[in-house]
Structure formats: structure tokens, C-alpha cells
Amino acid sequence: MKQIVAGVLAHVDAGKTTLSEAMLYVSGEVRRLGRVDHGDAFLDTDALEKRRGITIYSKDAIIDYPGMRLTLLDTPGHVDFAADMERTLGVLDVALLVISAVDGVQGHTETLWRLLERYHVPTVIVINKIDALAPGISRDDVLAGIRKRFGEACVDAGLPQNSADIADNADTPVTADTPVPSDASVIADAQVVTGASTGAIAGGSSARAQISAGSRMEHDEDVAALDESALDEYCDTGRISPATISRMIAQRKLVPCLWTSALQLHGIRYLLDALAAYAPEPRYDGRGGNLSGNPSGNHSNDKDFGARVFRISHDAQHNRLTWLKVTGGELPVKSEIEPYGKIDQIRRYSGAKYDILQSAPAGTVCAVTGLEGTVPGQGLGMQMDASHPLLEPVLTYTVTATDGTDTHKLLGALRELEDEEPLLHVRWIKRLEEIHIQLMGAVQLEIVQELLRTRFGIEVAFDRGGIVYHETIDKPVEGVGHFEPLRHYAEVHLLLEPLERGSGLQFASDCSLDVLDRNWQRLIMTHMREREHLGVLIGAPITDMRITLLTGRAHDKHTEGGDFRQATYRAIREGLMQARQGGHCHVLEPWYRFRLELPADQVGHAMADIQRMSGTFDPPENDGTTAVLEGEAPVEGMRDYAMDVNAYTHGRGSLTCVSAGYRPCHDEDAVIAAAGYDPEADLENTPDSVFCAHGAGYPVKWYKVPEFMHLPFAWQQR
């Protein structure tokens, strides 16, 4: 039986969770059809989700369907929780990208598409809400809009011959009297079937083998034209085999487009049949399957074991849950995963309920208890770590308790939330005695505020928020850190190199084992990864660098683990100070990609505003009444611009913004001056080293370290 993991992705309100509910209902996995607006959706298990009617956390459900076992991951659709969605992409075998037929491709839909391309996830587009199309809008119009944005690989997979997949349901009655859209191009040959039990629905698909889901694709010249071997096969036999179609989907040469109305249960069985027939099934080779990233350094008892962590949560009993997909070998209960602990339980969830497994083979999505220190995106065993996430918060806020709660208690509560959502980046700024966190937007802010109230009993307030800047370098530099107070010793040499934008931080070792023992090297690598390293211009986190261990020295008698921590931290800071002195440090700021729709007579106003922000834009599309302006601009200028648009267009303008990554700061000097940051006064992140003479340690300023260091420069000599 085919075993696949499918994720459901969409712009908010495209019907993503409703589609998941319909798939569960039609397959017979649930006997009652839940609805988001009623607060009883099977996959919206959290109280906050039920109250707000949105998906906040990724949830999974198991669907046993003829020909496949489908693990369905329903991901958040709101842009404020897109980081959770992005982490889920690393464990998917196929993605269901839901697009509303009414709204078409929206701003966040394009972001999702770029992410799917980046992670090479095979994709099926589900065009939902086809029963709500406006008069005069056809399927061809909708598909043309999708192909214009996403390319010719998007091919119409046809409509089901029987598009109404209905089960008895007292709460959502669908009968012969249910209105069916009059547009024949939307629901072709739709026949409402009544009186079918859930059992009949689950078992009836095998009897429908002659109605091959998506069989139109097997005889479609447009599909054949997308791949040379498929074209040869089509010319020789007059059809394209399901295996070839599956391969094309896996290679992203083909993106089938299927049509549904999830609320009316139209086209759901057809979608399930298409997944059973054509969804690519991964092969697991014992080295982490087909997932990519950077090598992980941990292991389990099974040398072939591999797994990718994609989420951290806590259950009602405060057990820490590590959500993962096994990508190689097998994971038995009580396995030791160094250095994170022993697995106490393996839970396979479906909605809020779960089964206890004794072992999880490759391809299993599960939550395990007993591990500490695991983080989303991490590889376990032979699995590689995930690449640096594309979606990151761009706003930073100061958090204060308004009910007199002790600061340390508030910090502890935020640390627990950060464990679940690492991109919160909780920081205690000692010199200001403030707690700072990073958030994606106003909705996430409200959720964090409510979580602190309901889970920890803490009332908090946030300030207006500032921009999240980063720092980087544009030229390689070797940093040296030496830590030698009395009866301690460690020296570390690190190479800091610039990387392409969006690469994040990468870590490597190029140090011979003859020079420094393997255990010390591993310890240094751990220290490089364990904290957020700050830049020396404004004290912002560094990014887009590779930090490589070049050489180091330990003392047989006096070196302890903490010595290398100090030497490593100081080496990074000393290297950054050298780069700053040479003018090679730079501030990066976040940018938005925007789409602005407004009255044609206001387009000049908008263009002047964008230029004032130092943004760029394409030539506007103008039909004489409405203009569309697309481009990119700094977040600093765009963050409140929606209110300006609403004002000068008198409510007739619409602004959509999505993340466009980080770029060199357009007003770097002003940002540096406003920050007023002194890197040498930041004692928690000092660039200076400590040497020893006459039985006592003494500090040495960063610029004098090369005169005192015990090892010669390593990088310049190579």
C-alpha cells in the first residue's frame, strides 16, 4: 500500500481546513462533518483555534483509503503563522495547494508557491469553492490566472464524472434538493447521490476503478508536451501511464489542477482517487530518504535511522512533544537519541486522539516524548538539518507584565513558547532590563498574549514594535579568541565568510584531528550553534555567513568545556570587529513584495510614495479605471502604508505585502546612529580575550590579540 504524507496549504479563507474535513468525512475516517465556523472541525483541536476560526498549529490526521495510507497535515493559512507551515514542508511527499476559485491567486499564495519551489515539493493544486463562482467567470478564466502566475506546468486534471461525494449528516444535510450551481462549466454532469453510508463511501472507491481519477491527464497532449519521455510514450501508445505522470509530478514538471467545493463535498473522492493513483511515493534509503539539508551530528542505536523534526509542542500534562517524520530505518520506543535523551512514547496522532506505537518505520509521522533540546528543522540520526527558513519575523517588540508578575517568571513562560516557536527569538536585554521578542504580525501578537494569559496566568502588554535588522560581512576574516584565566585554557581560530542572501548561518570544521581532538572540535561546533551571535554595528543578530573552525588548542591539564565556550564566542566577536574596522560589516533590513490595487487616478501618488521609501516597482497595469502596482520596498516604509492607502483612496485601495527577504539597509548610517551601540561596552558579548602571566589572568583588547595569541593565523597561511 502506498504511504504518503500530504500537506494542505492555502491563503487564509481559501477553504483549506474545510477541504481537510471533507477528505476525512468522504473517506469514512470521521462520521460527522465538522465546520470551522461552527468550532467543531476535527483538526482544529486547540481552544484558541476554535474561538478564532483559524488554524494556528499544524495538525495531522490519518486517512486509510483504497490504495494508500495518507497522513494529512493541515497547516496554518494566516501569514502570521507561516513559519509553522514552512517547517512542515520539509516532511511532505506532496503538497495540496488550495486556491479559492472566487479569489484566485492571492499574495500569500505566491509566497507558498515560492516555498514549494524552494523545497522541491511535488504539488497538486486544488481549486476550491467552484460552486461560488460569479456569473460570467468560467473554469478557463480561473485556470488562465493560475497558469499566468505559476506557469504552463499547471494542467487541468478534469472534473469528476460524479462530483458529489455525499454521506448522511444531520448537521450538514446534502440532499437531492441541495442547490447545484447552474454553470455547467463548473459542475459538469453533477449527480447528487443520497443515502450512502460512510462505510459505502470508504469502500466504494475500489469499485470505481474504471473511473480513473484524473484519467484525462493520461490522454492529454498538454501533459505529454511537458516531458520528452512522456511525449514519446504518448506518441507510441496514445496515452501516458500513471507511473510517468507520478514521475512528472515528483519532478515538478506537472502540477495537476483539480476542482472541488469542499463545503458541498463536490470532487472530494475524485481528489482522493487522484492522490492514490498519481501521488509520488518516496523511497527511503536509510540515509534520510529524499530530504535535503545540512548533516546532523547525532545518532540513535539504529545506524540507518533518520528523522526530521518539524514541530515542538506540549500536551495537557506538560509533556514535551517532538513531532517528526521518520525518513530512514526504524525508530523503536526507548531508543536513545544522543544527546537529547531516550524516547519514552511514540504517539501517532489523528486530530486530538493518538495511538501508542512500539516502533515507527520510515515514512511515519509521529510525536515522541522524552527528548529535550530538539528544535524544528533539525535532522536526527542520518537525516540532514533543514536549510535556513525563508520566512522570518520582521518586527521586534518589548514585552512587559502588567499584573506585577516577576520578570523571571515571564521570561520562563516566554522561553517555553520559544521552545515551540523558535522564531520568537526571546532576548533578555540586560543593559535595558527589557524582554524583546520577534513576531510576524498583529494576529500572532494577540495569540502570544492570550497564551500567556491562559497557560501561565500572566497579563502582558507590548510596545508598538520595531524593525528586526540583521548584520553580515562582505569579506572573509579570521577571528581569534583566547581564554586563559588561572587554571583555564582554550584558543580558537574561526574563519567568517559571507554567503548569499537568505543563507542564514552555516557551520563547518576544517581542523585536523592531529591538531585538536575530535571531542573538543564537537564542543566548539556546539558552542557556535547554541546561541544567537550579535553583530558589532547595532547589536543585531548576524546572518548569511559560514563560520569554520580552522584550528585551536587545549591544555592537557587545565582545559574545561566552558573554556572553549568563552574562546569561541570571543573569536566570533573579534573577527566581526576586524571586519568593522575594515568597513566590511553591513546592516540588512527586511523588504516586502507588495501588490497595490487602487483607482487609476491615484497611481501617481502611490509611485511617488514608493520612490520616497527607496522601493522599486514594475510599470503599472492600468485599465483606465483601476491600476495595479507591484514592486518591492523596505518594511520600515511599508509597515503602516496600508492606512495611508486607505486614506488617500477613500477606502477604494487594497495593499497586500509578503516577505521579500533581507537586503542592504537603504539608510544604514541613520540606523547605526539611532542604535547608539558600543560593541566594546557590551560585556556579555565582548570581543576581547584573556591571557595569563605570572599566575594571573589579564584582559587583552581585541585589536592586540594577534600580538599575544599562541597559534599563528591559519587562514592566511593556506
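Everything below is about the structure printed above this text.
A brief structural summary. (Residues numbered from 1 in each chain as written. Predicted model: local features only at pLDDT ≥ 70, side-chain atom pairs only at ≥ 80, totals over all residues. Heavy atoms only, no water.)

**Quick notes on the pairing of strand β10 (residues 320-328)**
- Burial analysis of β10 places nine of its nine residues in the buried class, which makes it a mostly covered element.
- With eight bridges joining them, strand β9 (residues 306-314) and β10 adopt antiparallel strand pairing. Looking at β10, one finds that Arg308 is bridged to Lys325.
- Where β9 folds back on β10, the antiparallel hairpin that results is connected by five residues, among which His318 adopts a positive phi of roughly 70°.
- Direction of pairing for β10 relative to strand β17 (residues 365-369): antiparallel, over a ladder of five bridges. Counted as the bridge partner of Leu321 is Thr369 from β17. (Buried < 20%, exposed > 50% of the residue type's maximum accessible area, 1.4 Å probe, protein only. Helix = DSSP H or I, 4+ residues; strand = E, 2+ residues; numbered from the N terminus. Pairing = 2+ DSSP bridges.)

**Here's the deal with the nonpolar core**
- Leu414, Leu452, Phe462, Leu494, Leu596 and Tyr641 are the most contacted members of the largest nonpolar core, which has 83 residues in total.
- What Leu494 contacts, discounting residues up to four positions off in sequence, is Val477, Glu478, Gly479, Met528, Ile547, Thr548, Leu549, Leu550, Thr568, Ala571 and Ile572.
- Val155, Ala157, Leu275 and Ala279 belong to the second-largest nonpolar core, a separate cluster that totals 49 residues. (Core = buried A, V, L, I, M, F, W, Y, C linked by side-chain atoms within 4.5 Å. Contact = heavy atoms within 4.5 Å.)

**Observations regarding the packing of helix α12 (residues 407-420) against helix α13 (residues 442-456)**
- At a minimum axis distance of 11 Å, the contact between α12 and α13 shows a crossing angle of 115°. Here α12 lies roughly perpendicular to α13, going by the angle between them. Between α12 and α13 lies a crossing whose hand is right-handed. Residues Lys409, Leu410, Ala413, Leu414, Glu416, Leu417 and Glu420 of α12 form the contact with α13, whose own contacting residues are Val448, Leu451, Leu452, Arg455 and Phe456.
- For the contact of α12 with α13, the per-class residue count stands at eight nonpolar, no polar and four charged. (Axes fitted to C-alpha atoms, helices over the stretch in contact; angles between N-to-C directions. Parallel < 35°, antiparallel > 145°, perpendicular 65-115°, else oblique. Left-handed = near helix turned anticlockwise from the far one by under 90°. Nonpolar A, V, L, I, M, F, W, Y, C, P; charged D, E, K, R; others polar.)

**Quick word on helix α10 (residues 242-250)**
- Among the residues of α10, those classed as buried are Thr244, Ile245, Ser246, Met248 and Ile249.
- Directly after α10, the chain includes Arg252, whose backbone phi takes a positive value near 60°.

**Points about the sheet that holds strand β18 (residues 379-381)**
- Read across the open sheet, the six strands follow the order β15-β14-β17-β10-β9-β18; overall the sheet is antiparallel. Two strands bound the open sheet, and with one partner strand each, they are β15 (353-357) and β18. With strand direction ignored, the average angle separating the axes of adjacent strands in the sheet is 40°.
- With respect to the sheet, α12 is in contact with β9 and β10, its orientation differing from that of β9 by roughly 145°.

**Some points on the environment of Gly34**
- Following the sequence through the fold, Gly34 ends up in the loop between α1 (16-26) and α2 (47-52).
- Under the relative-accessibility criterion, Gly34 is labelled buried at 5%.
- Those residues in contact with Gly34 that lie beyond four places of it in its chain are Glu21, Asp40 and Ala41.

Such coordinate-based values are descriptive only and should not be taken to indicate function.
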